[in-house]
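# Reading the structure
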Amino acid sequence: MKVSLRQIDGPWSAGFVLDKQMLCSVYLGNDSEGRPRFDHTRTDAGEALFQLKHRGDKSQAEPLARAVRNFILPRLGPIGFIVPMPPSRVRPWQPMSLVARELALQLRVPVFERLLLKTPLSRPLKDFPTREERLLALTHAFSLHDEIRNQGLWNALLIDDVVDSGTTMEAASLLLRKYRKIDQLFVAALTWA
């Protein structure tokens, strides 16, 4: 998988995203039902993520995890455990959980899928007019569930699918940094919008 790494700054020790999601999108006109159609050209990471999330191709979890391991993790410190970003919508299976589990297998570290929880927002995030309002709403939406029974401090990796404004990653990170069992918090995202 070809990538174009980008560093992301925020309330974490270090963070990177593999690549942009889309290279270009060309409007093709409307279909017979009046819906707009587009020809999308995605990056390798963007296409793998699209196939995983929207076409149900679970086999894409492994190459996405391998790309995070090969391109992002060498720029971070050692990882003690992985936390996938909680999903925004209910699905029979969660794409980021699959990627996190695959990465955890490759690294031989645990993944904690219920350490960070998210309640649904009262309205879509795009309906909050300012970044500050979005951050406040997200801060109240996240909660911690102390599922790590061992005592100690570990470096954690928070992994997400898409970073746009960064408010979701920031809100989740602010809460995770308060968790007494995390030493350094690193973040990784598969694509940026």
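Below is a summary of the structure that appears in this document. Since the model is a prediction, treat every value here as computed from it, not as a measurement.

### A few points about the overall build of the protein
- Each helix and strand in the protein was counted, giving 5 helices and 9 strands.
- In sequence order, the secondary structure elements of the protein are arranged as β-β-β-β-α-α-β-α-β-α-β-β-α-β.
- Judged by the C-alpha coordinates and their principal axes, the protein covers about 60 × 35 × 30 Å.
- Expressed as a percentage of the 193 residues in the protein, the buried residues total 43%.
- When the accessible area of the protein is evaluated, it comes to approximately 10,300 Å², of which 49% is carbon and sulfur surface.
- For the protein, the distance from the average site of its 27 positive side-chain charges to the average site of its 21 negative ones is 3 Å.

### Digging into the packing of aromatic side chains
- Inspection of every chain in the model, using the stated rule, returns 2 aromatic pairs.
- Ring geometry for F81 versus F112: centroids 5.3 Å apart, planes at 85°, classification edge-to-face. With F81 in strand β5 (residues 81-84) and F112 in the loop between α3 (95-107) and β6 (116-118), this residue pair connects regions lying 31 residues apart in the sequence. The pair formed by F81 and F112 is uniform in burial state, with each residue classed as buried.
- A cation over an aromatic ring shows up here: R42 above the ring of F50, its NZ or CZ 3.7 Å from the ring centre.
- Seen from the ring of F128, R123 lies directly overhead, with NZ or CZ sitting 4.0 Å from the centre.

### Looking at α3
- Taking 1.5 Å of rise per residue, the 13 residues of α3 would be expected to cover 18 Å, and the 19 Å separating its terminal C-alpha atoms lies within 8% of that figure.
- Against the buried residues of α3 lie α1 (44-55), α2 (61-72), β5, β8 (154-163) and β9 (182-192).
- Residue R108 follows α3 closely and has a positive phi angle near 60°.

### Regarding the nonpolar core
- Of all hydrophobic cores here, the largest spans 29 residues; its most connected members are V68, I82, V99 and L157.
- Listing elements by their share of this core, those giving two or more residues are β2 (14-20), α1, α2, α3, β8 and β9.
- When residues no more than four places from it in sequence are discounted, the contact partners of V99 are L52, A61, L64, A65, I159 and L190.
- If you look at the next biggest cluster of nonpolar residues, it comprises 26 residues, including V17, V83, A171 and V187.

### Quick word on the pattern of salt bridges
- Summed over the entire model, instances satisfying the criterion amount to 9 salt bridges.
- In this structure, the salt-bridge partner of R131 is E170, at a minimum N-O distance of 2.9 Å. Of this pair, R131 sits in helix α4 (residues 131-141) while E170 sits in helix α5 (residues 167-176), and the two are 39 residues apart along the sequence.
- Of the residues examined, E170 reaches a relative accessible area of 19% and is grouped as buried.
- Taking the shortest distance from any N to any O, the salt bridge between D146 and R180 comes out at 2.8 Å. Here the residue D146 occupies a position in the loop between β7 (142-144) and β8, and R180 occupies one in the loop between α5 and β9, the gap between them amounting to 34 residues.
- Residues joined in a network through salt bridges with shared partners are D31, E33 and R35.

### Some points on the pairing of β9
- Summarising burial for β9: 9 of the 11 residues are buried, a large majority.
- In terms of strand pairing, β2 meets β9 through 6 bridges, oriented parallel. By the bridge assignment, D19 is partnered in β9 with T191.
- Relative to β9, β8 runs parallel, the two sharing 8 bridges. For A156, the partnering residue across the bridge sits in β9 and is L185.

### What about the environment of L98?
- By secondary structure assignment, the location of L98 is in helix α3.
- In the structure, L98 is positioned 17 residues away from L115 in sequence and 16 Å away in space, judged by C-alpha atoms.

Thresholds applied
- Residues numbered from 1 in each chain as written.
- Predicted model: local features only at pLDDT ≥ 70, side-chain atom pairs only at ≥ 80, totals over all residues.
- Heavy atoms only, no water.
- Helix = DSSP H or I, 4+ residues; strand = E, 2+ residues; numbered from the N terminus.
- Buried < 20%, exposed > 50% of the residue type's maximum accessible area, 1.4 Å probe, protein only.
- Areas by Shrake-Rupley, 256 points an atom, 1.4 Å probe, with all protein chains shown as cover.
- Lys, Arg positive; Asp, Glu negative; His and termini not counted.
- Charge placed at Lys NZ, Arg CZ, Asp CG, Glu CD.
- Phe/Tyr/Trp six-rings, centres within 6.5 Å; stacked < 30°, edge-to-face > 60°.
- Lys NZ or Arg CZ within 6 Å of the ring centre and 35° of its normal.
- Expected span 1.5 Å × (residues − 1).
- Contact = heavy atoms within 4.5 Å.
- Core = buried A, V, L, I, M, F, W, Y, C linked by side-chain atoms within 4.5 Å.
- Salt bridge = Lys/Arg side-chain N within 4 Å of Asp/Glu carboxyl O.
- Pairing = 2+ DSSP bridges.

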